[in-house]
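Read off the chains here:
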Amino acid sequence: MSEAVATTETTEVEEPVIDLALAEEVIQKYKDIPGNLMPVLQGIQDAYGYVPRITVDYVAERLNVYPSQIYGVLTFYAQFHLKPRGKFIIRVCMGTACHVLGAERIKESFYDRIGIGHAETTPDRRFTFELVACLGACGMAPLSMVNDETYGKMTVQKVDEIIKEYSSLPI
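Residues numbered from 1 in each chain as written. Predicted model: local features only at pLDDT ≥ 70, side-chain atom pairs only at ≥ 80, totals over all residues. Heavy atoms only, no water.

Looking at an unreviewed UniProt entry, one finds the protein named NADH dehydrogenase subunit E, with Trichlorobacter thiogenes as its source organism. Per its UniProt entry, the protein bears the Sequence similarities (unreviewed entry) comment "Belongs to the complex I 24 kDa subunit family." (UniProt positions renumbered as here; feature names shortened; annotations may be inferred.)

Undergrad: What's the story with the pairing of strand β1 (residues 88-93) in this structure? I'm lost.
TA: Every other side chain in a regular strand lies on the same face of the sheet, so the side chains alternate between the two faces. Counting buried positions over the six residues of β1 gives five, a clear majority of the element. As paired strands, β1 and strand β3 (residues 127-132) are joined by six bridges and run parallel to one another. Bridge pairing in β3 links Arg91 to Glu130. Across three bridges, β1 lies against strand β4 (residues 144-146) in antiparallel orientation. Counterpart to Ile90 in the pairing with β4 is Val146. (Buried < 20%, exposed > 50% of the residue type's maximum accessible area, 1.4 Å probe, protein only. Helix = DSSP H or I, 4+ residues; strand = E, 2+ residues; numbered from the N terminus. Pairing = 2+ DSSP bridges.)

Undergrad: Where do I start with the nonpolar core in this structure?
TA: Considering soluble globular proteins, one finds that nonpolar side chains tend to be buried as a cluster. The biggest cluster of nonpolar side chains holds 21 residues, and the ones touching the most others in it are Val40, Ile44, Val59, Ile70 and Leu74. Apart from residues no more than four positions distant in its own chain, Leu74 is found in contact with Leu41, Val51, Val56, Phe80 and Leu82. Among the nonpolar cores identified, the runner-up in size contains 16 residues, and Ile90, Ile106, Phe110 and Tyr166 belong to it. (Core = buried A, V, L, I, M, F, W, Y, C linked by side-chain atoms within 4.5 Å. Contact = heavy atoms within 4.5 Å.)

Undergrad: Explain the domain arrangement of the protein to me, please; I cannot follow it from the model alone.
TA: How big an interface is tends to be stated in terms of the accessible area lost upon association of its parts. Assigned domains of the protein: these are domain 1 (20-76) and domain 2 (88-167). Relative placement of domain 1 and domain 2: their C-alpha centres are 31 Å apart. (Domains from an automatic or database assignment.)

Undergrad: Which parts of the structure should I look at to understand the UniProt feature "binding site: [2Fe-2S] cluster" (unreviewed entry) in the protein?
TA: The feature "binding site: [2Fe-2S] cluster" (unreviewed entry), as given by UniProt, occupies Cys93, Cys98, Cys134 and Cys138 in the numbering adopted here. For the residues just named, distributed over 46 residues, the greatest C-alpha separation is only 9.3 Å, placing them together at one site. Along the chain, Cys98 falls in helix α5 (residues 96-100). Not counting residues within four places of it along the chain, the set of residues in contact with Cys98 comprises Cys93, Ala103, Ala141, Pro142 and Leu143. Considering the arrangement of structural elements, one finds Cys134 in the loop between β3 and β4.

Undergrad: Please explain helix α7 (residues 156-167) as it appears in this structure.
TA: An α-helix turns once every 3.6 residues. As a result, residues three or four positions apart point the same way. Under the 1.5 Å per step criterion, the end-to-end length of α7 is 16 Å for 12 residues, consistent within 8% with the ideal 16 Å. Listed in full, the buried residues belonging to α7 are Val159, Ile162, Ile163 and Tyr166. The arc that holds the buried residues of α7, viewed along the axis, is 95°, so those residues lie on one side. Away from its buried face by more than 90 degrees, α7 exposes Gln157, Glu161 and Lys164. Among the structural elements, β1, α6 (103-114), β3, β4 and β5 (149-151) are those in contact with the buried residues of α7. (Expected span 1.5 Å × (residues − 1). Arc of directions from axis to C-beta.)

Right under this line is the structure:
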């Protein structure tokens, strides 16, 4: 029997107070480069872990572009995130090889253990959970990743080990 690590109640993750000094540093770094919106947004996401809404208005003002243009970029590219994310990003591959070899069972095991579903973050911002189309390592199916660490030949027991390991680390 496994022990639940996080509450099963999912709540909206509150956006913390944002220090715009980090955004200003990023803007200063790219301010004189033509076509600087993408590197500015990437820098802001690197600095904060996501693109806080308040930084969108700040960037719009500083780069003299409309916020709607910025949101167009942010919503077009999957690399950008508008909500705070967990320190540990868990990805489960749902590609054909992984599907055939039990990805659905692995997905459900993660859901049960951390109490969140696809594209959700635990209230303590420890975990964000994502289903992905393919992680590109079919020979290791079923496959999961936590941040940059790859876990192949996944089993329900490995899910438990992964959750235990990352639950013991500081956030």
